[in-house]
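Given next are the chains, with one letter for each unit.
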Amino acid sequence: MGLGLMSPDTDQVTVDAITLFTALLCACIVIGHLIEENRWFNESITSLLIGSCTGVIILLTSGGRRSHLLEFDEELFFIYLLPPIIFNAGFQVKKKQFFQNFITIMLFGAVGTMVSFAIIAVGASQLFQALNIGYLEMGDYLAIGAVLSATDSVCTLQVLDQDATPLLYSLVFGEGVVNDATSVVLFNAIQRFDLSHVSASIFLQFVGNLLSLFIASTLLGVSVGLLSAYIIKKLYFGRHSTDREVALMILMAYLSYVMAELCDLSGILTVFLCGIVMSHYTWHNVTDSSRVVTKHGFATLSFIAEIFIFVYVGMDALDIEKWRFVSKSPGKSFGASLVLLGLVMVGRAAFVFPLSFLISLTKKTEGGRLDFRQQVTIWWAGLMRGAVSMALAYNKFASSGHTYLPGNAIMITSTITVVLISTLVFGMLTKPLIRFLLPSSKRLNGAISLEPSSTESLMLPLLGSKQEAEVDNTGSHDIPHPTSLRQLLSTPTHTVHSYWRKFDNAFMRPVFGGRGFTPHLPEGSVH
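Residues numbered from 1 in each chain as written. Predicted model: local features only at pLDDT ≥ 70, side-chain atom pairs only at ≥ 80, totals over all residues. Heavy atoms only, no water.

Visitor: Just checking my understanding: could you explain the packing of helix H3 (residues 74–92) against helix H12 (residues 288–316) for this structure?
Guide: For any two helices packed against each other, the geometry comes down to the angle between their axes and how far apart the axes lie. Running from amino to carboxyl end, H3 crosses H12 at an angle of 135°, the nearest separation of the two axes being 8 Å. Here H3 lies oblique to H12, going by the angle between them. With respect to the hand of their crossing, H3 and H12 are arranged in left-handed fashion. In this structure, H3 uses Phe77, Leu81, Pro84, Ile85, Phe87, Asn88, Phe91 and Gln92 to contact H12, whose residues at the interface are Thr294, Lys295, Phe298, Ala299, Leu301, Ser302, Ala305, Glu306, Phe308 and Ile309. Here the contact of H3 with H12 is built from residues that sort into twelve nonpolar, four polar and two charged. (Axes fitted to C-alpha atoms, helices over the stretch in contact; angles between N-to-C directions. Helix = DSSP H or I, 4+ residues; strand = E, 2+ residues; numbered from the N terminus. Parallel < 35°, antiparallel > 145°, perpendicular 65-115°, else oblique. Left-handed = near helix turned anticlockwise from the far one by under 90°. Contact = heavy atoms within 4.5 Å. Nonpolar A, V, L, I, M, F, W, Y, C, P; charged D, E, K, R; others polar.)

Visitor: What is the right way to read the packing of aromatic side chains from this model?
Guide: Aromatic ring pairs: the centre-centre distance and the angle between the two ring planes describe each pair. Considering all chains together, one arrives at 20 aromatic pairs under this definition. Judged by centre distance (4.7 Å) and plane angle (25°), the rings of Phe21 and Phe308 are stacked. With Phe21 in helix H1 (residues 10–34) and Phe308 in helix H12, this pair connects stretches of sequence that are 287 residues apart. For the residue pair Phe21 and Phe308, the accessibility class agrees, reading buried in each case. Over the ring of Trp283 we find Arg291, and its NZ or CZ is 5.4 Å from the ring centre. (Phe/Tyr/Trp six-rings, centres within 6.5 Å; stacked < 30°, edge-to-face > 60°. Buried < 20%, exposed > 50% of the residue type's maximum accessible area, 1.4 Å probe, protein only. Lys NZ or Arg CZ within 6 Å of the ring centre and 35° of its normal.)

Visitor: What am I meant to see in the confidence of the model for the protein chain here?
Guide: Low-confidence regions, as indicated by low pLDDT, have predicted coordinates that should not be scrutinised in detail. Looking at the protein chain, pLDDT values average 78 and 76% of them are 70 or higher. Model confidence for the protein chain, summarised as mean pLDDT per element, is weakest for helix H18 (residues 440–450) at 39 and strongest for helix H10 (residues 242–262) at 93. Low pLDDT, under 50, characterises residues 441–454; the stretch is placed with 28 contacts to residues that sit more than four places away or in other chains. Segment residues 521–527: pLDDT under 50, and six contacts once partners within four positions in sequence are set aside and those in other chains are kept. (pLDDT = per-residue confidence, 0-100.)

Put into structure tokens, the structure is as follows:
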């Protein structure tokens, strides 16, 4: 976050900003605890409202000059605030549910994002002409399509409960991560390519670039995660100091993200996969005390970053400079916001329901299919937009946090309006909607039968289940071999999992450690 210039004394501005945000974070935590059981509010909405109220106070005390002490810097957002959130999501994910629904998640997150991107971009290019917003190039419309295709996984994960609705949480959570990565890659590709002369060769190059980015990001994240596991297993830092192994885990996790950004890859996808690999191998190679520290430490860093983001988004929404450009024609800004919000809803519906129908055709059991109520829940939960959309909008339509063109100002204010409406309105209605659509008994039974506790989830192997973890390496079993692609897709836990476990036990765990490895040295032994 860049520093504002409310005072000529830069050091004093820094102290004021740090003091204000520290106090606001404390207030958000206390108030969030007090309204924990509220059916309408969650900590995301609370933080957003607190940020907005603070912005109003600053706006009044500054004589209407500005509403915040910090100026939004999208680069620092992606470098400092987003990595701990995404890494913790991968580190704490319940691997059984995630990989059991991996195909569905990839379809929603990758293919669905492309569909939403196309609908928003094409729809905006046609409807904005009627509003006479101003001159916008094709690249601007494509950029706004990528900007508003990014769902807010942070807010969604706070709305849905992982233990109460494990299947829906897994799908929305997994889709959110893949969606963010796809949206950012799309946005960067649009910025990189010359779209004034679109041809078949440019389109193929564009698709090839996306695929290469996904593959390279995946390999980088997995490689850094495995390297951390190998180093900690071989050197065993815990025999001297647990601080070293905790520090190494934190630094290597962050290293995966910055290396991806340095190589122009998807840092979101890289650090997410690094988190999964670290939870499967590295976490089991450290001492018991380090396991407790890392599990809660990563969650705490993610929690603070989430609150900070929503507080600042609430404050920045009232930035007077951006609204000054659209004050002469508020109808255009409001109309553009409604158009974009409608396109977001249509774009999401255009892939959630058709893809859910196609996926259900490959499922033989009712438990693996998504009924209409669950589809509506997934559609609604993914309507929220947040800081990723704002950061991308600033990157495209602003310069150093400032806007000088009316058309660009309308794009930013419209994005802010969509973020506020979707987070506040859709976010507040998500809890009641889930309670209405999904009977309590069904949600609780699903939570008991499908998922262990969050602590136990870190003990499960990739693609594994609790029962299978307890009978690891015991005898041979009759494994049914799939005779068709449909059977393979419909029974992944009995095919892909069994092959992976054999490979993991034979080649991976002897080298990288993992579940079952006990970091213990007899007295007097030296490595």
